[in-house]
Amino acid sequence: MEGEQIGRLLRQAADHAIRYRSELPSRPQRPLHGYADALAAFDGPLPETGEAPGVVVDELAARAEPGLNVTTGARFFGWVIGGSHPVGVAADWMTSAWGQNAGNHHAMPSAAAAETVAARWLLDLLDLPRESSVGFVTGATVANFVCLAAARGAVLRRVGWDVEANGLFGAPSISVLIGDDAHTTVFSALQFLGLGHDRLIRVATDSQGQMVPDDFARRAADVRGPAIVILQAGQINTGGFDRFTELGPIARGVGAWIHVDSAFGAWARACPAFRHFTEGLDACDSWATDGHKWLQTPYDCGYAIVRDSEAHRRAMTIAASYLPTAMEGERDPSHFVPELSRRARGFATWAIIRHLGREGIATMVERHCRVARLIADELRGENAIAVLNDVVLNQVLVRFGADEPAERGDELTRATIIRLQRDGVAFAGGAKWRGREVMRISVISWLIDDAAGKATAAAIISAWRGVRETSQD
């Protein structure tokens, strides 16, 4: 392919993307195809000969679009998924076209420099210790893994064990204290690191999924030797926050490294109206958060933030004779992530922060939390709908058939979710909370405003009324 052909192809792809985004408001807020239909659309024998580039791009768009969910729409509330802001998308398009591997700073200086500056801005936005290092990873799952790898190395080093060199064979045991309602990806990270997802000290949680300080204190009192404590900012179902000012001193008292899973809750620190929920969070040792949630970067983008940059480097540095070393004043991106070959995620992060600024990010967070309260208030006004959580942030947890026996309420809740998704006015998903079926509403796309919140509440109420009428026939 030559220059003119490449230009036509990229414009063709851009036209498909622009058309897709422009049609989102008018299409049902759900995938039009399920997995089986999507598989049938893509399936076929291995091509023996290639097809023309333009044909391939057109075919990809035609086959993929019916199976795409409207995560970039204004009425998507299914999971904590940001809306891929157009500025980030544009930066990400250029990132793909540039084809930069953010593996080291000598080969790709602009990719490394964008990360360096974006990392500094992130620490400023979230008001975390400025000496912290930041690894640009795929998302909070890997961010938790990276931070806990640094924690594992640091707490074992304190008792004379070099886990990076010697592994865990014969290493002193590490006590890990974690709340009963921690996110599943944290348990996965512990599994990947050889710390296990079952051999943990689980701490009781309250009705909002927050650690109970008295139970934490009792369990911490029995800890001896290396220890890691995992706290939470923004519980995935309720949006609740662990009490950092109460739990932190207890953890420090047993010499624990304190890690915070803050995939979306950390962004409360960027908004003065909600910052109080995170008091004491900055006194912890590491933090995992996402860019593709409240910062609205495209997928994939997350940040592993570690106060002790040396512990971070020891856990992650990839070295080889053909790779350049970092000199004074330089930052090698590969020292902070478990990937050598990876996407240059710093470009989109830099662009989004440059576009929104501190004020724009704070305004967006505050608006989303207001919309969450608006939806909750609308739903509370309807007969037999119960809002189960304190709507402190952007999460709303809903149950239908609140006046019915528990099993019947489960059936009605499942049916309401199915009907809402089938109607297609808005998209919300289901979950289990305290063993019962619930609808979980996550308000986090940059497009969501009060009007979208009211339309969504009305659609949920309509779906519920339809289910109730059918169930009474």
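Right above here is the structure, for reference.
Residues numbered from 1 in each chain as written. Predicted model: local features only at pLDDT ≥ 70, side-chain atom pairs only at ≥ 80, totals over all residues. Heavy atoms only, no water.

(A) Summary view of unusual backbone geometry. Here tyrosine 299 and aspartate 300 are connected by a cis peptide whose omega angle stands at 0 degrees. Among the structural elements, aspartate 300 can be located in the loop between strand S6 (286-290) and strand S7 (302-306). Here serine 84, not a glycine, exhibits a phi torsion of approximately 50 degrees, which is positive. Although it is not a glycine, arginine 434 adopts a positive phi angle of roughly 55 degrees. Topologically, arginine 434 is positioned in the loop between strand S10 (429-433) and strand S11 (436-442). Its relative accessible area of 43% is what places arginine 434 among the partly exposed residues. (Helix = DSSP H or I, 4+ residues; strand = E, 2+ residues; numbered from the N terminus. Buried < 20%, exposed > 50% of the residue type's maximum accessible area, 1.4 Å probe, protein only.)

(B) Local environment of the sheet that holds strand S8 (residues 385-387). Pairing within the open sheet is antiparallel, and its 4 strands lie in the order S8-S9-S11-S10. Strands with a single pairing partner mark the edges of an open sheet, and in this sheet they are S8 and S10. When strand polarity is set aside, the average angle formed by the axes of neighbouring strands in this sheet is 40 degrees. The sheet contact formed by strand S9 (residues 395-400) and S11 spans 4 bridges and is antiparallel. Bridge pairing in S11 places valine 398 opposite methionine 439. The sheet strands contacting helix H12 (residues 346-380) are S8, S9 and S11, and the helix crosses S8 at an angle near 145 degrees. (Pairing = 2+ DSSP bridges. Axes fitted to C-alpha atoms, helices over the stretch in contact; angles between N-to-C directions. Contact = heavy atoms within 4.5 Å.)

(C) Region of the structure containing the sheet that holds strand S2 (residues 175-179). Spatial strand order, S1-S7-S6-S5-S4-S2-S3: 7 strands in an open sheet with mixed pairing. Edge positions in the open sheet fall to strand S1 (133-137) and strand S3 (201-203), since each of these has one partner strand only. On average, adjacent strands in this sheet sit at an angle of 20 degrees to one another, irrespective of strand direction. The pairing of S2 with S3 spans 3 bridges and is parallel. Within the sheet, the bridge partner assigned to glycine 179 lies in S3 and is valine 203. Contacting S2, S3 and strand S4 (227-232), helix H9 (residues 213-220) runs over the sheet at an angle of about 160 degrees to S3.

(D) Highlighting the packing of aromatic side chains. Inspection of every chain in the model, using the stated rule, returns 10 aromatic pairs. Here the aromatic rings of phenylalanine 76 and tryptophan 79 are separated by 5.8 Å at their centres, their planes lie at 45 degrees, and the arrangement is tilted. We classify phenylalanine 76 as buried; its relative accessible area is 1%. Assessed through its relative accessible area of 38%, tryptophan 79 is described here as partly exposed. Where tryptophan 98 meets phenylalanine 347, the ring centres are 5.0 Å apart and the plane angle is 75 degrees; that geometry is what we call edge-to-face. Taken together, the positions of tryptophan 98 in helix H4 (residues 86-98) and phenylalanine 347 in helix H12 put the pair 249 residues apart, joining distant regions of the chain. Classification of tryptophan 98 by relative accessible area gives partly exposed; the value is 45%. Classification of phenylalanine 347 as buried rests on a relative accessible area of 13%. Among the aromatic residues, those joined into a cluster by ring pairs are Phe76, Trp79 and Phe427. In this structure, arginine 434 packs its charged tip against the face of tryptophan 433, placed 4.1 Å from the ring centre. (Phe/Tyr/Trp six-rings, centres within 6.5 Å; stacked < 30°, edge-to-face > 60°. Lys NZ or Arg CZ within 6 Å of the ring centre and 35° of its normal.)

(E) Spatial organisation of the packing of helix H5 (residues 109-125) against H12. With their axes 8 Å apart at the nearest point, H5 and H12 run at an angle of 30 degrees to one another. Considering the angle they form, H5 stands roughly parallel to H12. Crossing hand, H5 versus H12: left-handed. Two secondary-structure elements touch here, H5 through Ser110, Ala111, Ala114, Glu115, Val117, Ala118, Trp121, Leu122, Asp124 and Leu125 and H12 through Gly346, Phe347, Thr349, Trp350, Ile353, Arg354, Arg358 and Ile361. In the contact of H5 with H12, the residues fall into 11 nonpolar, 3 polar and 4 charged. (Parallel < 35°, antiparallel > 145°, perpendicular 65-115°, else oblique. Left-handed = near helix turned anticlockwise from the far one by under 90°. Nonpolar A, V, L, I, M, F, W, Y, C, P; charged D, E, K, R; others polar.)

(F) Main features of the environment of proline 272. Inspection of the secondary structure puts proline 272 in the loop between strand S5 (257-261) and S6. By relative accessible area, proline 272 is classed as exposed at 71%. A C-alpha to C-alpha distance of 23 Å links proline 272 and alanine 140, two positions 132 residues apart in sequence.

(G) Spatial organisation of the nonpolar core. Counting residues in hydrophobic clusters, the biggest one holds 53 residues, and the most contacted among them are Trp267, Trp294 and Tyr303. Breaking this core down by element, the ones donating at least two residues are H5, S1, H9, S4, helix H10 (244-253), S5, S7 and H12. A total of 8 residues in this core trace back to one element, the largest contributor, which is H12. For tryptophan 294, the residues in contact, after removing those within four places along its chain, are Phe264, Trp267, Met364, Val365, His368, Cys369, Leu393, Asn394, Val443 and Ile444. Within the second largest apolar cluster, 34 residues are counted, among which are Val146, Leu193, Trp257 and Ala311. (Core = buried A, V, L, I, M, F, W, Y, C linked by side-chain atoms within 4.5 Å.)

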